[in-house]
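# Tertiary structure, described
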Protein chains: 2
Amino acid sequence: MALTPTASLTLDSIFDRVAPQMTALDRFMCEQVEVFQPEVRAMAAYCLETSGKRLRPVLVFSSGWQGDGVIVPGLVRIAGVVEMAHLATLVHDDIMDKAELRRSRRTVSREFGPETAVLLGDALFLQALHIAACFPTTEVCRQVSAATRCVCSGEIIQTMRRRQIDVSLSDYYQTISLKTAEFFRVSCLLGAKFSGFNEDFAMAAESFGRHLGIAYQIYDDLVDFLGDEHKIGKTLGTDLSSGKITLPLIFWLEKLSESERTLVLNALRGEKPFPFAASVESMRHLGIAESVMQAIDEELDKAADVLRPLSGIGAVDMLSQISAILKGQVTNLSRAAASSVAGWFFLPRAVFA
Amino acid sequence: MALTPTASLTLDSIFDRVAPQMTALDRFMCEQVEVFQPEVRAMAAYCLETSGKRLRPVLVFSSGWQGDGVIVPGLVRIAGVVEMAHLATLVHDDIMDKAELRRSRRTVSREFGPETAVLLGDALFLQALHIAACFPTTEVCRQVSAATRCVCSGEIIQTMRRRQIDVSLSDYYQTISLKTAEFFRVSCLLGAKFSGFNEDFAMAAESFGRHLGIAYQIYDDLVDFLGDEHKIGKTLGTDLSSGKITLPLIFWLEKLSESERTLVLNALRGEKPFPFAASVESMRHLGIAESVMQAIDEELDKAADVLRPLSGIGAVDMLSQISAILKGQVTNLSRAAASSVAGWFFLPRAVFA
């Protein structure tokens, strides 16, 4: 079977198109550092200057797309708000996970201590909401505060469910809808609304973002088992060792024999560790990646479907391209999934160069 | 010298007058619990149901005073926003201070673990900002997010300055202006603005709140040395042991002999502890409380002064009464200061019953 044209593309093409907007965002984020008290600036800069993917801003710019090279200051600010709120959640997540490294750099918690990291995360949240509150309408602030509260609730629920082995499929989808899909959703919604697109498109963009966010988190959870540690640049196997029940685990548990299942459940309960290499081997043998890829594919289809009735807006093309590219990559990845998930399909190729 | 009439009053009279508004606030806070995800509600309720003094809401209601028994739903919501943001900062402060008890109850961090407490504090911040964003104007959200960011910056600066012995008087005032006075300021400002009082009064109320907040924090810092542990209900002497330079310490260091000074500085640097009882004894001997009370008195005078040109608004009377009552209590306390700071002069008498 020949590859479809989009299947051979990567997100590079999208990242290239939004490059001018992303440069404007970088400038905006640098300016934000100056808003903090002089004593706090260097630390705020450390939090904001990350080599992160800035996926959420890409979604803001795509769903509010006005044409190549057109930089709308309001969209840049919205992208900044969502990214800053997202970075704040990462600062706090890394405290909880006692993570030392993020993107090959010390986490904020490791660099300045967990106590200061709590406060720095708070200051970032509040600055994000403050920028949001400086729009003439309260909608930005209302949407972002509601979304961020959902993200925190999702993290709390996930923390409460650690080592609980009776997490259902619907529990899993609820958690990732809150902790991950909310920021994707709000990015697409606010991008569309701020660009003055009609209500139909705004609602479609919102739904698109939600499904894309769910797909992204499922992929992230798969990578924790079957990723290439070298290429991904983070420690794998942490979900199994910390007792976090994710989709790969749910599918895996379903396919295990009674005796193997007991061993894995004991590991999830924290009673006796299960060797990570053995879990990877078993998952490959049982074709877990294929089932998980199928679930990702379904979400990408749902994302594409909500856009289908719409046309004549450049933003629809941008979002449609994103889901088509990712769908193409899932197809490619599925073929190779028996070995390992080679890259990070939400990243432009340049990141691996 | 006969006591002035107000000097014999306590804040009870103010708390009595705002009682109907405070009841409405309690109801509002209970309703807020329902906004959180079902899994998170019990924890959110634990955070919100405190026996705290709710001083900031008292200021919102007083500066927006519309008459006895008049309950303005918007003012109740503003009071709820400020109180919720304040409670969020306490949840995070208690993580940093590794505090076990607050108001004779386990801290949120002790009850649910520091990891969950980080997220619960976040969720409270975001819910506060969300309520703020539901006003028709962006001003509430803008003011509260800016104030809360200042509170966090103040806490960060204070954390950075721990065990630094060269903290100046102006450093001290800067820190407490940020970490404490900002919420007092914004409470008074938003109360006045929301009630539609003129710009002159709103600006005066803002300034009043700032000075009152500074007075409050200086008093709080004095209590850490000379308070009556039984009556205050918290462990004293923590500022000395943790190397936090406060006004009593600054005044004390100025009056010590060279050799005593060295001992105290060593203790502040964390090199060798200084017996707390000896510090209390020395402070009493050197009349430190009197100097600190003088500084409090100056702030209360400044607070009263900004209101003096204004009249004809019930809110001016409410705020003026608050500063007059506190000033009367400082006078009384100063007389007894050679022994110890007996009570908590920002509290209604009923708390000690």
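Residues numbered from 1 in each chain as written. Chains lettered and ligands numbered in written order. Predicted model: local features only at pLDDT ≥ 70, side-chain atom pairs only at ≥ 80, totals over all residues. Heavy atoms only, no water.

A word on the interface of chain A and chain B. Opposite the 44 residues of chain A that make contact, chain B presents 44 residues. Roughly 3,800 Å² is buried in total at the junction of chain A and chain B, and carbon and sulfur atoms are behind 73% of that figure. For chain A, the biggest contributors to the area lost against chain B are A:Leu119, A:Leu126 and A:Arg149; these three give 19% of the whole. There are 4 salt bridges connecting chain A and chain B. For A:Arg161, the salt bridge identified is with B:Glu39, shortest N-O distance 3.3 Å. At the boundary of chain A and chain B, one finds 16 residue pairs in polar contact (both at pLDDT 80 or more). Among the elements of the structure, α5 (73-96), α7 (114-133), α8 (139-160) and α9 (169-194) of chain A are those that each provide at least two residues to the side of chain A that touches chain B. Residue classes in the side of chain A that touches chain B are distributed as 24 nonpolar, 12 polar and 8 charged. (Contact = heavy atoms within 4.5 Å. Buried area = accessible area lost by both parts, 1.4 Å probe. Salt bridge = Lys/Arg side-chain N within 4 Å of Asp/Glu carboxyl O. Polar contact = N/O pair within 3.5 Å; in protein donor to acceptor, adjacent residues only side chain to side chain. Helix = DSSP H or I, 4+ residues; strand = E, 2+ residues; numbered from the N terminus. Nonpolar A, V, L, I, M, F, W, Y, C, P; charged D, E, K, R; others polar.)

A few words on the relation of the copies chain A and chain B. Relative to chain B, chain A is turned by 180° and slid 0.0 Å along the rotation axis, the superposed coordinates differing by an RMSD of 0.0 Å. Expressed as an axis order, the relation between the two copies is that of a two-fold axis. Residues of chain A ranked by C-alpha distance from the rotation axis are headed by A:Thr138, positioned 2.7 Å from it. Looking at chain A, 100% of its interface residues are interface residues in chain B too, so the copies touch through the same face. (Least-squares fit on C-alpha atoms with pLDDT ≥ 70 in both.)

Turning our attention to the state of the cysteines. Throughout the structure, instances matching the rule amount to 1 disulfide over all chains. Sulfur-sulfur distance for the disulfide between A:Cys141 and B:Cys141 comes to 2.5 Å. Placement of the pair is A:Cys141 in helix α8 and B:Cys141 in helix α8 (residues 139-160), with the two residues belonging to separate chains. Residue A:Cys141 is classed as buried on the basis of its relative accessible area, which comes to 1%. Not part of a disulfide, A:Cys47 finds its nearest cysteine sulfur in B:Cys152, a span of 12 Å. (Disulfide = S-S within 2.5 Å. Buried < 20%, exposed > 50% of the residue type's maximum accessible area, 1.4 Å probe, protein only.)

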